[in-house]
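Observations on the three-dimensional arrangement
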Amino acid sequence: MTVTVTYYCPHCGALAELERDAYLADKAVTPYPFEGWTYAAPDDAYESAEGVRFVCGDETLKDGEEGCGEPFYLSFVKYEDGREIDPRQPTERVELSDGVSPRGPRGPRGPSGPTG
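Described below are features of the structure shown in this document. None of the values given here were measured: they were computed from a predicted structure. (Residues numbered from 1 in each chain as written. Predicted model: local features only at pLDDT ≥ 70, side-chain atom pairs only at ≥ 80, totals over all residues. Heavy atoms only, no water.)

From N to C terminus, the chain includes zero helices and eight strands. In sequence order, the secondary structure elements of the chain are arranged as β-β-β-β-β-β-β-β. Per-residue burial for the chain yields a buried fraction of 25% across its 116 residues. Sequence separation of at least 24 residues holds for 50% of the intrachain contacts in the chain that already meet a minimum separation of 6. When the accessible surface of the chain is totalled, it reaches about 8700 Å², and 47% of it is carbon and sulfur. (Helix = DSSP H or I, 4+ residues; strand = E, 2+ residues; numbered from the N terminus. Buried < 20%, exposed > 50% of the residue type's maximum accessible area, 1.4 Å probe, protein only. Contact = heavy atoms within 4.5 Å. Areas by Shrake-Rupley, 256 points an atom, 1.4 Å probe, with all protein chains shown as cover.)

With that out of the way, let us pick up the environment of Val52. The residue Val52 is located in strand 5 (residues 51-55) in this model. With a relative accessible area of 0%, Val52 lands in the buried category.

The next subject is the packing of aromatic side chains. Here the distance between the centres and the angle between the planes together describe a pair of aromatic rings. With the rule as written, the count across this model stands at six aromatic pairs. For the ring pair Tyr32 and Phe34, a centre distance of 6.2 Å and an interplane angle of 65 degrees mean the geometry is edge-to-face. Looking at Phe34, the relative accessible area reads 9%, which means it is buried. An angle of 75 degrees between the planes, with centres 5.4 Å apart, marks the rings of Phe34 and Trp37 as edge-to-face. Ring pairing ties together the aromatic residues Tyr7, Phe54 and Phe72, which thus form one cluster. The ring of Trp37 has Lys78 lying over it, and the distance from NZ or CZ to the ring centre is 4.3 Å. (Phe/Tyr/Trp six-rings, centres within 6.5 Å; stacked < 30°, edge-to-face > 60°. Lys NZ or Arg CZ within 6 Å of the ring centre and 35° of its normal.)

Time to look at the sheet that holds strand 4 (residues 39-40). Strands sit in the order 3-6-5-4 across an open sheet of four strands; the sheet is mixed. For this open sheet the edge positions go to strand 3 (26-30) and strand 4, each flanked by a neighbour on one side alone. One ladder, built from four bridges, connects strand 3 with strand 6 (residues 71-76); its direction is antiparallel. In the sheet register, Thr30 faces strand 6, and the bridge partner there is Tyr73. (Pairing = 2+ DSSP bridges.)

Oppositely charged side chains can form a pair if their charged atoms are brought close together. For the structure on display, the rule yields three salt bridges. The salt bridge involving Asp26 is made with Arg20; its shortest N-O contact spans 3.1 Å. Judged by relative accessible area, Asp26 falls into the partly exposed class, the value being 32%. Judged by relative accessible area, Arg20 falls into the buried class, the value being 6%. With a closest N to O distance of 3.4 Å, Lys78 and Glu50 form a salt bridge. Separated by 28 residues along the polypeptide, Lys78 in the loop between strand 6 and strand 7 (79-80) and Glu50 in the loop between strand 4 and strand 5 bring together distant segments of the chain. (Salt bridge = Lys/Arg side-chain N within 4 Å of Asp/Glu carboxyl O.)

Take the pairing of strand 2 (residues 15-21) next. Two elements, strand 1 (residues 2-8) and strand 2, share seven bridges in a ladder whose sense is antiparallel. Bridge pairing in strand 2 links Thr4 to Glu19. The turn joining strand 1 and strand 2, which pair antiparallel and follow one another in sequence, is formed by six residues; a positive phi near 90 degrees is taken by Gly13.

In C-alpha cells, the structure reads:
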C-alpha cells in the first residue's frame, strides 16, 4: 500500500510530496544528512536506502509551492541489533586529554592587585 506524504523544507517551509510505501517509518526531516545514513533521490529505489535526499524546488514540490533550491533530508528509522539507532549519538568515542589535568586556568600574568 502506498501513501502520499508531505514534508516541509527546513530552509523555506515549502511542501514536498513523496508517494511511498506505508510501512516506512520516518525519523526526521533535517537540512543536513545524518552521519552514516545513505540517501537516495525521490525517483530512485529509496526503499533500500536509509532516507531520501530532496532538492527543494524539484518535481516533488506540491502544486503551487515555490522552492529555494536547497537540499534537505528525510531519514527513516534505522535499527541495529534490534534497537533503534539514535543518529545524534556520537559514532566514536573521542579522548580529549592525555590524562593530565591542568592545575588551573592559564591567562595573562599581571599585577596581583593592591597590597595592604
